[in-house]
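Reading the structure
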Amino acid sequence: MTGTPFTATTLGSARIGPKRQLKRAIESYWAGRTDQTQLHALATDLRRDGLQKLHTAGLDSVPVNTFSFYDQMLDTAVLLGALPPRVAGIADDLDRYFAAARGTGRIAPLEMTKWFDTNYHYLVPEISASTEFSLNPGKVLGELDEALSLGIPARPVIIGPITFLLLSKAVDDGGAPIGRLDEVIPLYRELLSTLRSAGAEWVQIDEPALVTDLHDDPAGLASRVYGELGSATDRPAILVASYFGDLRDALPALAATDVEGIALDLVRGTADAVATVPTLTSKLLVAGVVNGRNIWRNDLSASLATLATLLGSAASVAVSTSCSTLHVPYSLDPETELDDTLRSWLAFGEEKVAEVVTLATALRDGRESVSTTLDDCSQALAARRSDPRVHDDRVREQVAEALRAGIARGPSADRRTAQNERLNLPEVPTTTIGSYPQTSAIRLARAALRKNEIGVAEYEQRMRDEVASVIALQEDLGLDVLVHGEPERNDMVQYFAEQLDGFFATENGWVQSYGTRCVRPPILYGDVRRPHAMTVAWIDYAQSLTDRPVKGMLTGPVTILAWSFVRDDQPLADSANQIAVAIRAETVDLEAAGIGIIQVDEPALRELLPLRSEDQAAYLTWAVDAFRLSTSGVRDSTQIHTHLCYSEFGTVIGAISDLDADVTSIEAARSHMEVLDDLNAIGYANGVGPGVYDIHSPRVPEVGEIVASLKAALDAVPAQRLWINPDCGLKTRSTDEVEASLRNLVTAAHMVRSEL
Ligand SMILES: CN1c2c(nc(N)[nH]c2=O)NC[C@@H]1CNc1ccc(C(=O)N[C@@H](CCC(=O)N[C@@H](CCC(=O)N[C@@H](CCC(=O)O)C(=O)O)C(=O)O)C(=O)O)cc1
Ligand SMILES: N[C@@H](CCS)C(=O)O
Ligand SMILES: [Zn+2]
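Residues numbered from 1 in each chain as written. Chains lettered and ligands numbered in written order. Predicted model: local features only at pLDDT ≥ 70, side-chain atom pairs only at ≥ 80, totals over all residues. Heavy atoms only, no water.

Overview of the sheet that holds strand S9 (residues 261–265)
- Ordered by their spatial adjacency, seven strands build an open sheet running S1-S5-S7-S8-S9-S10-S11, and the pairing between neighbours is parallel. What marks the edges here is a single partner per strand, and that holds for strand S1 (62–64) and strand S11 (316–321). Geometrically, the sheet is characterised by an average inter-axis angle of 30° between neighbouring strands, direction not taken into account.
- Bridge count for strand S5 (residues 154–159) against strand S7 (residues 202–206) is three bridges, and the pairing is parallel. Paired with Val-157 across the two strands is Gln-204, which belongs to S7.
- Along the sheet, helix H10 (residues 300–310) contacts strand S10 (284–290) and S11; its crossing angle with S10, the most-contacted strand, is approximately 165°. (Pairing = 2+ DSSP bridges. Helix = DSSP H or I, 4+ residues; strand = E, 2+ residues; numbered from the N terminus. Axes fitted to C-alpha atoms, helices over the stretch in contact; angles between N-to-C directions. Contact = heavy atoms within 4.5 Å.)

Next comes the structure, spelled out in structure tokens:
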């Protein structure tokens, strides 16, 4: 079980397919257009192509079991026999898996939340007192076998017991899942032995939870788990992979066990501690010097300098990406609209693997062996530093001027009075979060525009027709505050980035966000300017169709930043302020157009929260200030809404209050309104719209359940402050589901209102 050291690898890779083939195949299967044989055939082809690319590129250890039909945490729940009992009655393995992921008409799905501080979302396994763990290694064994039969030096990747249990949630008084380590460690031992018998020389066990404060003694957990797993004799060599930060005390703890390798994220973390841990001299150190989270070209000379500091401190050093390349697009090749200069600053998944191989070659054969690549890289990085598109003094002046004007609005009580007079809304008003179904007609129209099959005028007319039909639907349903439905937006971040100077929007830079859903994060490369209004014409048109108020709909600066590939040459706070000034100008233009309510979405406020608690306060200060900078340019009588979703809000609850929005709509359906008690506890006194049903499931909520949610909400919040809305936008749902769900929502609102 010593394991021959390898030299070049990546911790994982994307799986949705370079052209999102897996997305389309899974969605076809869900729609009943194809069967499992066709789905499995496509998946097998994709996996084979991916493995062969990594191997041919020069990696001498290739991760496997990184494929997933939905999510790697759900896969681990299957591996450990920890699917919730409510799906147990579904006989077919794949359908049971998808039922846990998405729910069915009868069955609620697992909760979904952010994977650490990324825009990837995992399904949260549920662990109860009655969970009986059992090993189901079919998937990992199948993928290992597939790779070995292709002659690929395969390294199975599994999520480790610490991370799996810390990210799971207790249900039915099950107690903290991490208390179940003694039950799962034997299964991991059994798995290791099985993998060894199946031909694995190395296995990678991912433990990103060790770089966080999710537990107060990660080092203790690391010693216990890897002491036990390391002591097994019948096993492959173990690589414990950390990523997204520094291991701190967990590094010496792991190094003191018998595991053969440790992977370190040397982009988010540093190499400083390595030399201070003598037991590392017997280990393979997998040095994550190539950033798996961002798209900038690696500074190869700097990486070589870092690698050089490690050489004497470990038995051997392998070069790697800092984490899986799941978080970046596949390849720069399909980006035909990129100019050569900008292209020369970038590296996507394939280019990052090439960087790893270059660095490993330099370590093995000396710098001279790759000197042309190193020179080319230095020139590109120098060009980026001095490019006039990156720095714009006018932008810096605008930010300074806006900050001088101050970021506070008038007292909230005064604002409430002015807004009540202006808007004259009923008690517990009903609204939605912004988007209505992005139908295939909408997407196909946009695709046709891209291919020049229709002109801008025709496209805009089709989108106006869509706005008109969404307004008519909302009037028919009897909603109080309407939205235009966002048909013209390909994505709530990309849409803005496409119109702002300083961003580049990719054509094909897809990254999985959850399940089959993908996003194309724009690239923020320079100072940000708003050359023209971005939303006013659409909102103005929607408002012209109705007497009810239409909410202006913007994405906030923190979320635009969080869902973009950001600059690494200035603090995030500076970029946030530049975006905030652009959004502020848009709010002012919307107000001038007569719009009385403007929503500035910040669903990613929690996402950027640093993983270590000591760094969190500084982040929350600049994030809250950026939001306030973006929303404080309007009069007191203009009502500012914000919306948050996709996270546990506990640690940011104070910051949510500090945003000082007049109304906050917040995901609450799946957490049973607990968030309202949390808001009360910190004295939040503005309007709040706890989501009364979960939009992630195709399930239509019944009137009775919405009434029950509303009554629970009214126990926590007085009617004067309560709003009624779904828990997120409706873009992923079908028109039928939306109409039925909202009809029930409005009926429930009327029932509750009549009892006030
Ligand atoms: C709110 N969420 C978002 C996050 N991050 C973002 N950047 N944006 C978000 O909205 N993070 C947290 C959550 C994650 N949730 C979602 C929800 C839904 C999606 C989603 O639906 N993604 C779409 C792609 C959206 C898009 O860019 N659409 C484009 C291109 C559409 C397309 O594929 N066109 C086809 C042709 C038409 C067709 O066949 O239908 C083509 O080009 O081939 C557009 O509308 O123009 C998805 O399909 O995955 C993501 C995150
Ligand atoms: N306004 C957006 C927010 C999603 S988080 C929408 O409704 O889709
Ligand atoms: Zn949302």
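Examining the site of ligand 1
- Around ligand 1 there are 26 residues in total, and Lys-23, Arg-446, Arg-450, Asp-491 and Lys-731 lie nearest to it.
- Residue Arg-20 places a side-chain N or O atom 2.8 Å away from an oxygen atom belonging to ligand 1.
- One of the side-chain nitrogen or oxygen atoms of Lys-23 is found 2.6 Å away from an oxygen atom of ligand 1.
- For ligand 1, whose accessible area on its own is 980 Å², the fraction buried by protein is 89%.
- Mapped onto the shell around ligand 1, the elements with two or more residues apiece are helix H1 (21–30), helix H16 (440–450), strand S13 (511–514) and strand S14 (517–519).
- Counted by class, the shell around ligand 1 contains nine nonpolar, seven polar and 10 charged residues.
- When residues of the shell around ligand 1 are assigned to domains, at least three fall in each of domain 1 (8–386) and domain 2 (429–439 + 477–755). (Near = heavy atom within 4 Å. Polar contact = N/O pair within 3.5 Å; in protein donor to acceptor, adjacent residues only side chain to side chain. Areas by Shrake-Rupley, 256 points an atom, 1.4 Å probe, with all protein chains shown as cover. Nonpolar A, V, L, I, M, F, W, Y, C, P; charged D, E, K, R; others polar. Domains from an automatic or database assignment.)

A few points about the coordination of the zinc ion (ligand 3)
- Looking at the zinc ion (ligand 3), the protein donor atoms are His-643 (NE2), Cys-645 (SG) and Cys-728 (SG), and they sit 2.1 to 2.3 Å from it.
- If you list the donors of the zinc ion (ligand 3) from N- to C-terminus, the spacing comes out as H-x1-C-x82-C.
- Here His-643 falls in the buried class, since its relative accessible area comes to 3%. (Donors = N, O, S within 2.8 Å, 3.2 Å for Na, K, Ca; no water. Buried < 20%, exposed > 50% of the residue type's maximum accessible area, 1.4 Å probe, protein only.)

Side note on the packing of aromatic side chains
- Here the structure, examined in full by the defined rule, presents 13 aromatic pairs.
- Taking 5.6 Å as the distance between ring centres and 55° as the angle between the ring planes, the aromatic pair formed by Phe-116 and Phe-244 counts as tilted. Taken together, the residues Phe-116 in the loop between strand S2 (112–114) and strand S3 (121–123) and Phe-244 in the loop between strand S8 (237–241) and helix H9 (250–255) connect sequence positions 128 residues apart.
- Note on Phe-116: relative accessible area 11%, which makes it buried. (Phe/Tyr/Trp six-rings, centres within 6.5 Å; stacked < 30°, edge-to-face > 60°.)

Some details on the UniProt feature "binding site: L-methionine" (unreviewed entry) in the protein chain
- UniProt feature "binding site: L-methionine" (unreviewed entry): in the numbering of this structure it lies at Ile-433, Gly-434, Ser-435, Glu-486 and Asp-601. The greatest C-alpha distance among the residues just named is 12.9 Å, despite their covering 169 residues of sequence, which places them together in space.
- Residue Ile-433 is classed as buried on the basis of its relative accessible area of 4%.
- Leaving out residues up to four positions away in the same chain, Ile-433 has contacts with Glu-486, Lys-551, Met-553, Gln-599, His-643, Ser-665, Asn-725, Pro-726, Asp-727, Cys-728 and Gly-729.
- Looking at the element boundaries, Ser-435 is found in the loop between helix H15 (412–423) and H16. (UniProt positions renumbered as here; feature names shortened; annotations may be inferred.)

Observations regarding the UniProt feature "active site" (unreviewed entry) in the protein chain
- Residues annotated in UniProt with the feature "active site" (unreviewed entry) correspond here to His-696.
- Take His-696: it is sitting in the loop between strand S20 (687–690) and helix H25 (703–716).

Thoughts on a negative patch on the surface
- A surface patch of like charges, here negative, comprises Glu-648, Glu-674, Asp-677 and Asp-678.
- Following the sequence through the fold, Glu-674 ends up in helix H24 (residues 674–681).
- What makes Glu-674 partly exposed here is its relative accessible area of 46%. (Patch = residues over 30% accessible without salt bridge, like charges linked within 9 Å, V, L, I, M, F, W, Y side chains within 5 Å. Salt bridge = Lys/Arg side-chain N within 4 Å of Asp/Glu carboxyl O. Lys, Arg positive; Asp, Glu negative; His and termini not counted. Charge placed at Lys NZ, Arg CZ, Asp CG, Glu CD.)

Observations regarding empty space enclosed by the protein
- Scanning the model with the defined rule gives three cavities of 30 Å³ or more in all.
- The computed volume of the largest cavity comes to approximately 40 Å³.
- Contributing to the lining of the largest cavity are Tyr-693, Asp-694, Ile-695, Ser-697, Pro-698, Arg-699, Arg-733, Glu-737, Val-738 and Ser-741.
- Looking at side-chain class alone, the lining of the largest cavity contains four nonpolar, two polar and four charged residues. (1 Å grid on protein atoms, 1.4 Å probe; cavity = no way out; pocket = protein on both sides within 12 Å on 5 of 7 lines; lining within 4 Å. Points joined across faces, edges and corners; volume = space filled by probe spheres on them.)

A short note on the pattern of salt bridges
- Summed over the entire model, instances satisfying the criterion amount to 42 salt bridges.
- Glu-755 is the salt-bridge partner of Lys-711, the closest N and O atoms lying 3.4 Å from each other. One end of the pair, Lys-711, is in helix H25; the other, Glu-755, is in the segment after helix H26 (735–754), with 44 residues separating them in the sequence.
- Lys-711 gets classed as partly exposed once you look at its relative accessible area, which sits at 40%.
- For Glu-755, a relative accessible area of 56% translates into the label exposed.

What to know about helix H8 (residues 218–231)
- Taking 1.5 Å of rise per residue, 14 residues should cover 20 Å, and H8 covers 19 Å from first to last C-alpha, within 8% of that figure.
- When we look at burial in H8, the residues that qualify are Pro-218, Ala-219, Leu-221, Ala-222, Val-225, Tyr-226, Leu-229 and Gly-230. Down the axis of H8, the buried set is contained in an arc of 150°. They therefore lie on one face.
- In this fold, the buried residues of H8 make contact with helix H6 (161–167), helix H7 (181–197), S7, S8 and H9. (Expected span 1.5 Å × (residues − 1). Arc of directions from axis to C-beta.)

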